[in-house]
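The primary structure of each chain is shown beneath.
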Amino acid sequence: MDALKALVVDDEKDFRESMAMLVKREGFAVEEADSLAHARARLKEGPVDMVLVDLGLPDGDGLELVRDEEYAGAAFVVITGNASVDSAVSALREGAADYLTKPVDRTRLTSVLAHVSRQRALHAEVSNLRGELRALGRFGALIGRSAPMQHVYDLIARVAPTQASVFVTGESGTGKELVAETVHAMSKRRDGPFVAVNCGAISPTLIESELFGHERGSFTGADRRRRGYFEQAGGGTLLLDEITEMPIELQVKLLRVLETGSVTRVGSTDTLPVDVRVIAASNRDPQKAVPEGILREDLLYRLCVFPIHLPPLRERGDDIEVLAQHFLALVNRKENSAKRWDAAALAQLREYEWPGNVRELRNAVERAAILADSVIRAEDLPPGPRASCAPGAAAQARSDEEGGAVLRVEVGEPIAEAERRLILATLEQLDGDKKRAAELLGISLKTLYNRLAVYAAAQSGKP
Ligand SMILES: Nc1ncnc2c1ncn2[C@@H]1O[C@H](COP(=O)(O)OP(=O)(O)OP(=O)(O)O)[C@@H](O)[C@H]1O
Ligand SMILES: [Mg+2]
């Protein structure tokens, strides 16, 4: 770091020069001024970190500088010649960081300067995190600078250092998992593990042993002892994603784990203490999930100590473009390419509704970047965003005359891919109701779970 800049303002030449020398020895870059007018002139030229100013100057009172809003960026240390505590106190009241009395005591000077330096360093660090990075649209791994995302950043910054359990809600693909990771990364547990479990992708019969572990021989197929996710996340953070998909009987057991801070493996009677911070996530409104009978009220209150709601992408304004540029930059880095957006394509992106939120945008960018040569044009975009500017096109893409949802399958599209899209679209249409989705699709619930597990595994295998 560059040396902090100090300005010594005093009309007594000998005193000023010896002060300047002492301050310099403490590691500051020092300049001098012999009057208020000179000090003002210097302060107008550029920022100064600390001003040591005598209260009695020939052309006025040093307090005038302290009071001046224009110089609020500097820390002021006032120097009083007459050991008058009154004037020192009023200077502090006006906003001075500290005061010194003449003759200046070396030890006192050193401690005042150290205090000011520490404060400046802290100030710089905090404003870096809060201001500059955020102005650039970054918060940990999260990208975006829209007002609703700034609010999310505030919430994360507030809750991360605490032990409170967090409930993250938001539509599919809005970044719930990324928020959970950011809470973990900004907490004291950051050196511990972060484990994410998708409760909707584990079959209901296995979920208890997956979460809490099992002893060897506790059920058919349990040929060895297994540590559950709670144990694996010890000392760290456990994300319970799609918490409303957890069978209601198991929610009782989960609540007990959270309340006692210990787990019992399936097939065992011993309890093991676990030190885990739990973050829950869901794309449903948890308050509505309670009357629907898919989330226990007592569990909700235990988990929802600190709720964080992620806004859908369509409510984040310019973030769509910021994210599109970000994802393209990632592709460019990976492929060692230099592709860029055409203005019309960016306009299409802004127009589109993004029902699949950031995940859909990311996929659209990656796909378009593969199709485009050096400039990504509107026609390189996937059908959804590509159609977004044509009047009524989006509506048509989504529903037929009867109002039922329609999925477009391209000729030659691999069957497995068409099946995947059909399953996911059906689930989305039914708000994640797997039982009903399986009925409509004409497959067993077990098959549905198996498919979802495969999709989840394929997705988490991606970089
Ligand atoms: N603000 C963001 N900045 C950068 N990348 C983001 C942001 N939000 C989401 N992403 C990316 O979008 C994708 C989806 O995010 P994530 O998995 O966290 O969403 P989700 O809300 O958990 O989705 P689901 O409800 O489907 O589980 C990921 O690739 C993630 O890295
Ligand atoms: Mg998720």
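Before going into details, it helps to say that this report is about the structure given with it. Being a predicted model, the structure only gives us computed values, none of them experimental.

**Re the overall build of the protein chain**
Link 1 in the chain: Helix and strand content of the protein chain: 20 helices and 18 strands.
Link 2 in the chain: Taken over the C-alpha trace, the protein chain has a radius of gyration of 31 Å; the compact-globule value for 463 residues is 23 Å, which it surpasses by more than 25%.
Link 3 in the chain: With respect to the principal axes defined by its C-alpha atoms, the protein chain has extents near 95 × 60 × 40 Å.
Link 4 in the chain: Residue burial in the protein chain is summarised as follows: out of 463 residues, 43% are buried.
Link 5 in the chain: Of all intrachain contacts in the protein chain linking residues separated by at least 6 positions in sequence, the fraction that spans at least 24 positions is 66%.
Link 6 in the chain: Total accessible area on the protein chain is roughly 24600 Å²; 51% of this is exposed by carbon and sulfur atoms.
Link 7 in the chain: Considering the protein chain, the positive charge centre built from 59 side chains and the negative charge centre built from 70 side chains are found 5 Å apart.

**Section: the sheet that holds strand β16 (residues 306-309)**
Link 1 in the chain: Spatial ordering of the open sheet is given by β11-β12-β15-β10-β16, a layout of 5 strands whose pairing is parallel. Bordering the open sheet on either side are β11 (194-198) and β16, each of which pairs with just one other strand. Strand-to-strand twist of the sheet, defined as the mean angle between neighbouring strand axes without regard to direction, takes the value 20°.
Link 2 in the chain: Bridging between strand β10 (residues 166-169) and β16 involves 4 bridges; their strand directions are parallel. Residue pairing across strands places T169 opposite H309, the latter belonging to β16.
Link 3 in the chain: In the packing of helix α6 (residues 147-159) onto the sheet, the strands contacted are β10, β15 (277-282) and β16, and the crossing angle to β16 comes to about 155°.

**Here we look at the site of ligand 1**
Link 1 in the chain: In the vicinity of ligand 1 there are 18 residues, among which I143, G173, K176, R359 and R362 approach most closely.
Link 2 in the chain: Residue G173 places a main-chain N or O atom 2.9 Å away from an oxygen atom belonging to ligand 1.
Link 3 in the chain: Interatomic distance of 3.3 Å between a backbone N/O atom of T174 and an oxygen atom of ligand 1.
Link 4 in the chain: When the free accessible area of ligand 1 is taken as 630 Å², the share hidden by the protein chains comes to 85%.
Link 5 in the chain: Where the shell around ligand 1 is concerned, the elements lending two or more residues are β9 (142-143), α7 (176-185), α13 (319-335) and α15 (357-371).
Link 6 in the chain: Of the residues contributing to the shell around ligand 1, the split by class is 7 nonpolar, 5 polar and 6 charged.

**Looking at the side chain of K176**
Link 1 in the chain: Along the chain, K176 turns up in helix α7.
Link 2 in the chain: Here K176 is buried and forms no salt bridge, its nearest opposite-charge partner D241 lying at an N-O distance of 5.8 Å.
Link 3 in the chain: Residues contacting K176, with those up to four places away along its chain left out, are V168, T169, G170, E171, A281, S282, N283 and L310.

**Focus on the sheet that holds strand β2 (residues 29-33)**
Strand pairing within a sheet occurs via backbone hydrogen bonds; the two strands may be parallel or antiparallel.
Link 1 in the chain: The 5 strands are arranged β2-β1-β3-β6-β7 in an open sheet whose pairing can be described as parallel. Looking along the sheet, the strands with just one partner apiece sit at the ends: β2 and β7 (98-101). This sheet shows a mean twist of 20° between the axes of neighbouring strands, independent of strand direction.
Link 2 in the chain: Where strand β1 (residues 5-9) lies against β2, 5 bridges are found, and the strand directions are parallel. Bridge pairing in β2 links A6 to V30.
Link 3 in the chain: Strand contacts of helix α2 (residues 36-45): β1, β2 and β3 (50-54), with the helix running at about 165° to β1, the strand carrying the most contacts.

Here is what the cut-offs are and how they apply
Position numbers for residues count from 1 along each chain, tracking the sequence in the order it is written. All chains are assigned letters beginning with A, and all ligands numbers beginning with 1, in the order in which they are written. With the structure being a predicted model, the display of local features is reserved for residues of pLDDT at least 70 and the display and counting of side-chain atom pairs for 80 or more, all residues being used for whole-chain, interface and lining totals. Based on all heavy atoms of the structure, the side-chain values leave hydrogens and waters out of the count. For the purposes of this entry, the term helix denotes a DSSP run of H or I that reaches at least four residues, the term strand denotes a run of E that reaches at least two, and both are numbered from the N terminus. Only the C-alpha atoms count toward the radius of gyration. The rule for a globule is 2.2 Å times the residue count to the power 0.38. Each residue is assigned to one of three classes by its accessible area relative to the maximum for its type, calculated with a 1.4 Å probe on protein chains only: buried under 20%, partly exposed between the two thresholds, exposed over 50%. Contacts are assigned to residue pairs with any non-hydrogen atoms lying within 4.5 Å of each other. Surface accessibility in these figures is a Shrake-Rupley result with a 1.4 Å probe; residues are shielded only by whichever protein chains are displayed. Lys and Arg are tallied as positive, Asp and Glu as negative. Neither His nor the chain termini are counted. Positions of charges follow a simple convention, taking NZ of Lys, CZ of Arg, CG of Asp or CD of Glu. Note: two strands are recorded as paired if DSSP finds a minimum of 2 bridges between them. Axis lines are fitted through C-alpha atoms, for helices just across the contact stretch, and the angle between N-to-C directions can take any value from 0 to 180 degrees. Near, as used in this document, describes a residue that has one of its heavy atoms within 4 Å of the molecule or strand being considered. Distance and chemistry together define a polar contact, namely a pair of N or O atoms within 3.5 Å, with one atom able to donate a hydrogen and the other to accept it when in protein, and with adjacent residues in sequence counting only for side-chain atoms on both sides. When residues are grouped by polarity, Ala, Val, Leu, Ile, Met, Phe, Trp, Tyr, Cys and Pro land in nonpolar, Asp, Glu, Lys and Arg in charged, and all others, Gly among them, in polar. The working definition used for a salt bridge is a side-chain nitrogen of Lys or Arg within 4 Å of a carboxyl oxygen of Asp or Glu.

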